[in-house]
Every structure is written in C-alpha cells, then in structure tokens.
Amino acid sequence: MAYLKLIGIVICLGLVCCRDYDRMDNIVNKEQLHREGGHNADFDHDAFLGKDNSEEFDQLSADESKARLSAILPKVDLDSDGDITLEELTKWVKIQILDYIHRDAKKALPNDDTNKDGEVSWDEYVISTFGEQYLSVDNLSDEDNDAYYVKYVKRDKLRFDLADQDADGSLQFEEFTAFLHPEEFSYMAEVVIAETLEDMDEDEDGKISLAEYIGDFLDIDDDDDNDEDDKEWVETEKASFQEVKDKDGDGYLDHEELAAWIIPMETEYSVEEAKHLIEKADENKDGVLSFQEVIENYQVSWIPGYRLRAHPPRRALVSCCGNTTLSSTYD
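Structure report, in brief. Quick caveat: nothing in here was measured; it's all calculated off a predicted structure.

What follows covers the side chain of T129. Locating T129 in the fold gives a position in helix α6 (residues 122–129). Residue class for T129 comes out buried when judged on its relative accessible area of 1%. Within the structure, T129 has its side chain in polar contact with the backbone oxygen of Y125 (distance 2.9 Å).

What follows deals with the packing of aromatic side chains. Note on aromatic pairs: each is described by the distance of the centres and the angle between the planes. Per the stated rule, a full pass over the model turns up 11 aromatic pairs. For the pair W122 and Y125, a centre-to-centre distance of 5.8 Å together with 35° between the ring planes defines the contact as tilted. Taken together, the residues W122 and Y125, both in helix α6 and 3 residues apart, mark about one turn of the helix. Per residue, the accessibility class of W122 equals that of Y125, and both read buried. Relative to F179, the ring of F160 has its centre 5.9 Å away and its plane inclined at 75°; by these criteria the two rings are edge-to-face. Here the residue F160 occupies a position in helix α7 (residues 146–163), and F179 occupies one in helix α8 (residues 173–180), the gap between them amounting to 19 residues. Residue F160 is classed as buried on the basis of its relative accessible area, which comes to 1%.

Reading guide: rules and limits
- Residues numbered from 1 in each chain as written.
- Predicted model: local features only at pLDDT ≥ 70, side-chain atom pairs only at ≥ 80, totals over all residues.
- Heavy atoms only, no water.
- Helix = DSSP H or I, 4+ residues; strand = E, 2+ residues; numbered from the N terminus.
- Buried < 20%, exposed > 50% of the residue type's maximum accessible area, 1.4 Å probe, protein only.
- Polar contact = N/O pair within 3.5 Å; in protein donor to acceptor, adjacent residues only side chain to side chain.
- Phe/Tyr/Trp six-rings, centres within 6.5 Å; stacked < 30°, edge-to-face > 60°.

Dropping the structure here:
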C-alpha cells in the first residue's frame, strides 16, 4: 500500500529525518496509520534505538537484542517502579525527537556556516544550498529550473525569517534547528501551515479540496482487489474530511481549518506513538509496560524512527533538478 513512513517510536537513542518535500502524504497517511494501528514495522523499529543504531540492532541475535533493550529500559522508567507508563513513554519519545533534531542541526551546521562563526546567515544558506546566483531571485528568469528554485528560495526565506527570533539576520544554533525542523517549535506553526497548504493546493486557489486532500488515491481501480485496503482508507478519509475537518461544510479546507487539523497532530504525535507501542506489547492489558513485556516483545520494532518530515534542509533539490551547486549533501 502507498502509506507514508512516519515516526515509528518508543524508546530510542536517535532518529532519522526525511529530506522530501511531499508533506501531503506525511500528514494524511500518518492519520490513517494511527487509526488502523498499522505502523510500518521498520519505522517503529527505528524509534526505540534510533536510526543511528537500528541497522546494528537488526543484526543482533535474540539474546543480544533483549540485552540491548534491558539496558535502555531503566532510562525510560523515570520512577524506577519497573513499569513504563504512557506518560513516561511519551516523555521519552519527545526527548528522542528533540535529541535527533539537535544532532541533525549540529551535523548540518558546518555545511551552511561557511565563515565558521557558529551562525548561519541568509546569504550563507542560499549560496551553500542553491548557489550564489539565487541571492537576488528577482533578476532570475522563469525558464528551465529557475522558477523551481526561486519558489523554494522564497519559501525558505519566510521560514528563515520566522526562525530568526532575534531578527539579527543570522540563525544561532537553536534558531537553525527550528529552521530545519519547524514542526517541533510552536512559534514556527505558521510556516508549517503555509508550507502544507502550498504542497497540497495543486490548483493554487488558497484552499484544499477533497481531491487534493486524498490525492492519487481517488484514482484507485474499483476492479483491483489488491487495492481493497486503499479503497477503505479513501472512504474513511472522505468522511473525515467532510464530517470533521471541513468545519464550515463548503467542500474545502481553508487556512483556519488546516491549522485546526495540522497543529494538534504535530503536538500530540508523541502521545499517539507511545499509545501505539503500549497497545502492541501490553499483554496483560493493564495500560503499562513491564520490562518483561518489552523484552518478550523485542521483535515489536522497539527502535523508534524519527517520523519522516517534509521540512528538510533543501538538499532534496539536488535529486529533483540535478544542480551541481546543491550536491554537497549530508546524511
């Protein structure tokens, strides 16, 4: 099925970020995965130990995997009572997300901080990411790749300015982190909404129709039995769009309706991921996880993966347009 990968999660030592612009799939499909309880195992797995360690974890024997989990669990059990509650797991998940985005920003900073002063100016970012010719986008043509790049230069300028909390024209480390991962910072909410709208609003009318919301899933072949799950999802999402998200019933999601949908999803995601993991491993259904339940369910993807974000550094452009100026990537 064409469901997007997202944050898998639970107790991890690190996470991963997607460098992709398709936020529409991120948001619509992560709802569906939560509803079904059908989190992708690979991404749940990445969430516990983190992407940095998950490949190594995959190579471990059963006994080694259990030993690795046993060493991590006391860090999650904040009151040391031998059980992991929803609150403890939620806090751990959030900590791992923040840990990842700070490590990601630290890794990215040297590439954009070309004068090595510990900050990233707008000029530094544009030159290192798009090329010096994009410092003045007003002088560029709308031909070839220019229009594509200009769009993202302008889009990034809005994000840059919002992240620049002290308005000094440069991003200090925490501001740079917010620039790379706006979805984790409440003061960046407006740019998250704006970029989501831009990504989903294919006809550029300033609102999102049902067709734009569902996307390619509307084209599912009714005679294809393999698409049965997708068909069911489409019907569920149609109902969600019409009965929940489209509050004024006009057939579209406007800015306010989009905000009401997007922002709670971002802020509540750690809770949802924690609930998901508890549901998968809570064998006695007491609402908490004992260490034994976690260890016995060691194959349950305990390595949370950082949800694939659609707010990446702009290195993704290199694969889209092949501009050699953008070929300096980091993973």
